[in-house]
Amino acid sequence: MIQLQVRTSGRQSFEDITSQVQQAVSQSGVQEGLCHLFCPHTTAGLTVNENWDPSVQHDMGLALDDLVPQRRDFRHSEGNSPAHVKSSLVGASQTLFVDGGRLVLGSWQGIYLAEFDGPRTRKVLVKVVTA
Amino acid sequence: MIQLQVRTSGRQSFEDITSQVQQAVSQSGVQEGLCHLFCPHTTAGLTVNENWDPSVQHDMGLALDDLVPQRRDFRHSEGNSPAHVKSSLVGASQTLFVDGGRLVLGSWQGIYLAEFDGPRTRKVLVKVVTA
Amino acid sequence: MIQLQVRTSGRQSFEDITSQVQQAVSQSGVQEGLCHLFCPHTTAGLTVNENWDPSVQHDMGLALDDLVPQRRDFRHSEGNSPAHVKSSLVGASQTLFVDGGRLVLGSWQGIYLAEFDGPRTRKVLVKVVTA
């Protein structure tokens, strides 16, 4: 199990961690297999989406803020309930394929830590297995 | 493959199954590996979120009801279309890490069966593998 | 790693790929294990939901269009930002169980490629492992 550290840049931001994850895959020496990722935080998540045009991350942020607005009848005293809900919507785990020692990703795909209550320093756990 | 049974408590509720899943991990004898979970239902799901303040589950319920309201033009005759949509939003599978015979979870994380059309008795499938 | 091809039928559609995935499981010869699926596209995803009443897919489409409407302040020039957001909401990967050479699914569950920016020909990657 490898632990990545990710410094997030805003209240809500999408941090491209593809090269850090690829580095973990390379370190593992696994040629054919699976790369499991887990985010041990309840106000962040992991998602795979476009890494070509940064506008996609901008628009994702707008859409998620629309999806889960703040409400006066939320009870959680920390005031970050929308961040918890967004975390469950994008999810805490991802499983990727490894082929020839490289992550298998579509032409436009990158792996993102989705921060919903930052900025903070976050962890991402990585386990690469032969399969 | 181990099968858990979970009695859900409301139309929509979030049942903390962390200790049941940990028990399955302990029974498996796996020290280092992965714990795969699968929910074989189309109006429930699995999610990882805060297990410290129960207000988070309360607020999650409010937000999800807002996200997917009932509509007059829904066609599914059982009337539970919002439950189906919520199930796809939180997802049916989760993959967790196991280290030293224990589930690896963040300080505030628990594993939840998310019920969207209860109360019912639900199943959760667990497979723990050395990896 | 097996690669499936899926022809999608609409701008937004849910294509039942259960039998194609089962065929990949059968070809693998794996009796007990896991079936990992990955969608290498940023405007499509994979989800498990009801495959009995097609109205559920109809209603899912209505609800997702409501969830992520087009906005004038989206910046992504291709105009398909809602499709990117929906892709992150349903997710790119799924992990299923295999028992006795068969996918383990609930009575009403099927596996769907969720198309959000079609019609197109999409790929789904499948890896079946003994576990």
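Calculation notes
- Residues numbered from 1 in each chain as written.
- Chains lettered and ligands numbered in written order.
- Predicted model: local features only at pLDDT ≥ 70, side-chain atom pairs only at ≥ 80, totals over all residues.
- Heavy atoms only, no water.
- Axes fitted to C-alpha atoms, helices over the stretch in contact; angles between N-to-C directions.
- Helix = DSSP H or I, 4+ residues; strand = E, 2+ residues; numbered from the N terminus.
- Parallel < 35°, antiparallel > 145°, perpendicular 65-115°, else oblique.
- Left-handed = near helix turned anticlockwise from the far one by under 90°.
- Contact = heavy atoms within 4.5 Å.
- Nonpolar A, V, L, I, M, F, W, Y, C, P; charged D, E, K, R; others polar.
- Buried < 20%, exposed > 50% of the residue type's maximum accessible area, 1.4 Å probe, protein only.
- Pairing = 2+ DSSP bridges.
- Buried area = accessible area lost by both parts, 1.4 Å probe.
- Salt bridge = Lys/Arg side-chain N within 4 Å of Asp/Glu carboxyl O.
- Polar contact = N/O pair within 3.5 Å; in protein donor to acceptor, adjacent residues only side chain to side chain.
- Least-squares fit on C-alpha atoms with pLDDT ≥ 70 in both.
- Phe/Tyr/Trp six-rings, centres within 6.5 Å; stacked < 30°, edge-to-face > 60°.
- Lys NZ or Arg CZ within 6 Å of the ring centre and 35° of its normal.

## As for the packing of helix H2 (residues 55-67) of chain A against helix H3 (residues 81-90) of chain C
Inference 1: Contact geometry of H2 of chain A with H3 of chain C gives a least axis separation of 9 Å together with a crossing angle of 70 degrees. What the angle tells us is that H2 of chain A and H3 of chain C run roughly perpendicular. In this structure, the crossing between H2 of chain A and H3 of chain C has a hand that is right-handed. Counting all contacts with H2 of chain A, which are made through Val-56, Asp-59, Met-60, Ala-63, Leu-64 and Leu-67 of chain A, the residues of H3 of chain C involved are Ser-81, His-84, Val-85, Ser-88 and Leu-89 of chain C.
Inference 2: Within the contact of H2 of chain A with H3 of chain C, the residues separate by chemical class into 7 nonpolar, 3 polar and 1 charged.

## What to know about the environment of Gln-12 of chain A
All names here are of chain A.
Inference 1: Mapped onto the elements of the fold, Gln-12 is located in the loop between strand S1 (2-7) and strand S2 (13-16).
Inference 2: Here Gln-12 falls in the buried class, since its relative accessible area comes to 16%.
Inference 3: Each C-alpha atom, one on Gln-12 and one on Ala-131, is 35 Å from the other, the two residues being 119 residues apart in sequence.
Inference 4: Once residues lying within four places of it in the same chain are set aside, the contact partners of Gln-12 are Gly-61, Leu-64, Asp-65, Lys-86, Glu-115 and Phe-116.

## Some points on the sheet that holds strand S8 (residues 121-130) of chain B
In a beta sheet, neighbouring strands pair by backbone hydrogen bonds and run either parallel or antiparallel.
Residues and elements named next belong to chain B.
Inference 1: Taken in spatial order, the 5 strands make up an open sheet running S1-S8-S3-S5-S6, and their pairing is antiparallel. Each of the sheet's edge strands pairs with one partner strand only, and the pair in question is strand S1 (2-7) and strand S6 (102-104). Across the sheet, the axes of successive neighbouring strands diverge by a mean angle of 35 degrees, strand direction being ignored.
Inference 2: Here strand S3 (residues 33-38) pairs with strand S5 (residues 93-99) via 6 bridges, running antiparallel. If you follow Leu-34 over to S5, its bridge partner there is Phe-97.
Inference 3: Helix H1 (residues 18-28) rests against S1, S3, S5, S6 and S8 of the sheet, and its axis sits at about 160 degrees to S1.

## Focus: the interface of chain C and chain B
Inference 1: In this complex, chain C contributes 32 residues to the contact, which on the side of chain B involves 29 residues.
Inference 2: Regarding the contact of chain C and chain B, the summed buried area is about 2500 Å², with carbon and sulfur atoms giving 62% of it.
Inference 3: Broken down residue by residue, the surface that chain C buries against chain B is led by Asp-59, Leu-67 and Phe-97 of chain C, which jointly contribute 23%.
Inference 4: Taken together, the connections running from chain C to chain B amount to 1 salt bridge.
Inference 5: In this structure, the connection of chain C to chain B is made through 15 residue pairs in polar contact (both at pLDDT 80 or more).

## Description of the relation of the copies chain C and chain B
Inference 1: Rotating chain C by 120 degrees and translating it 0.0 Å along the rotation axis places it on chain B, where the RMSD comes to 0.0 Å. Read as a symmetry element, the transformation amounts to a three-fold axis. Within chain C, Leu-89 of chain C has its C-alpha nearest the rotation axis, a separation of 3.3 Å.
Inference 2: Interface residue correspondence from chain C to chain B reaches only 12%, placing this contact among heterologous pairings that use different surfaces.

## Some remarks on the interface of chain A and chain B
Inference 1: At the interface, 30 residues of chain A touch 32 residues of chain B.
Inference 2: Both faces combined, the contact of chain A with chain B buries some 2500 Å², and carbon together with sulfur accounts for 63% of it.
Inference 3: A per-residue breakdown of the area chain A buries against chain B is headed by Phe-38, Ser-88 and Lys-127 of chain A, which together make up 23% of the total.
Inference 4: Applying the counting rule to chain A against chain B returns 1 salt bridge.
Inference 5: A salt bridge links Arg-71 of chain A to Asp-66 of chain B; the shortest N-O distance between them is 2.6 Å.

## Side note on the packing of aromatic side chains
Inference 1: Counting across every chain of the model gives 9 aromatic pairs over all chains.
Inference 2: For the pair Trp-52 of chain A and Trp-108 of chain A, a centre-to-centre distance of 5.8 Å together with 70 degrees between the ring planes defines the contact as edge-to-face. Remark: Trp-108 of chain A occurs in the loop between strand S6 (102-104) and strand S7 (109-115) and Trp-52 of chain A occurs in the loop between strand S4 (44-50) and H2; sequence separation between them is 56 residues.
Inference 3: Looking at Trp-108 of chain A, the relative accessible area reads 47%, which means it is partly exposed.
Inference 4: Above the face of the Phe-97 of chain B ring, Lys-127 of chain A is positioned so that its terminal group lies 6.0 Å from the ring centre.

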